[in-house]
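Observations on the three-dimensional arrangement
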Amino acid sequence: LVSITAGCGNVETGSALTIGFLGGIIYMGSSMLVEKAGIDDPVDASSVHGSCGIWGLLAAALFDWGNGFDHFHGWDGFTCMKNDDGTCRTGIGGTALGVNIAMALVIMTWVGFFSTVIFLALRASGLLRVEPAKEKKGADESSHSPSKAYNFSS
């Protein structure tokens, strides 16, 4: 779903299927890499939204064709982007891909900067991690559940 979101309004069905399939492969590779690197991401948010989101931005430009590979839809849905005289603009796919790469870099910079600021503030205030005893026991059992939540015998 994340992989196709950027291009959902301007790619055709077969392209959407291909984008989604490749997004699944990218997710699996990213998830395995994150796990191998020892990064704590229990819900795979970085793989789903980060890696598949970047793939989706690139795929929106790479698979945006309709009337031949030379026509680019862009924000116009399934009609081509037009010149001032009303003719379809051609040969702008590379420009669109460059813009989408720049967009991905800006988003990564924005998220990286503000995540760093927030996590450093949480670490400095001692709110980033739970106590080791709670972590070993499990935060769900020690902090979030009533005492009988896991008592299935009654």
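Keep in mind that this is a model prediction, so the values were computed, not measured.

Next up on the list: the packing of aromatic side chains. Inspection of the entire model under this criterion finds three aromatic pairs. Measuring from centroid to centroid gives 6.3 Å for Trp 55 and Phe 63, while their planes differ by 85 degrees, and the two rings are edge-to-face. Residue classification places Trp 55 among the buried positions, given a relative accessible area of 13%. Arranged with centres 4.6 Å apart and planes meeting at 55 degrees, the rings of Trp 110 and Phe 114 form a pair that is tilted. In this pair, Trp 110 and Phe 114 are both assigned in helix H4 (residues 93–124), four residues apart and thus about one turn of the helix distant. For Trp 110, a relative accessible area of 56% translates into the label exposed. An aromatic cluster is present here, built from Trp 110, Phe 113 and Phe 114 joined pairwise through their rings.

A word on the packing of helix H3 (residues 45–62) against H4. Where H3 contacts H4, the axes come no closer than 8 Å and their chain directions differ by 165 degrees. What the angle tells us is that H3 and H4 run roughly antiparallel. In terms of crossing hand, the pair formed by H3 and H4 is right-handed. Counted together, Ile 54, Leu 57, Leu 58, Ala 60, Ala 61 and Leu 62 of H3 and Ala 96, Leu 97, Asn 100, Ile 101, Met 103, Ala 104, Ile 107 and Met 108 of H4 form the full contact between these two elements.

What counts, and at which threshold
- Residues numbered from 1 in each chain as written.
- Predicted model: local features only at pLDDT ≥ 70, side-chain atom pairs only at ≥ 80, totals over all residues.
- Heavy atoms only, no water.
- Phe/Tyr/Trp six-rings, centres within 6.5 Å; stacked < 30°, edge-to-face > 60°.
- Buried < 20%, exposed > 50% of the residue type's maximum accessible area, 1.4 Å probe, protein only.
- Helix = DSSP H or I, 4+ residues; strand = E, 2+ residues; numbered from the N terminus.
- Axes fitted to C-alpha atoms, helices over the stretch in contact; angles between N-to-C directions.
- Parallel < 35°, antiparallel > 145°, perpendicular 65-115°, else oblique.
- Left-handed = near helix turned anticlockwise from the far one by under 90°.
- Contact = heavy atoms within 4.5 Å.

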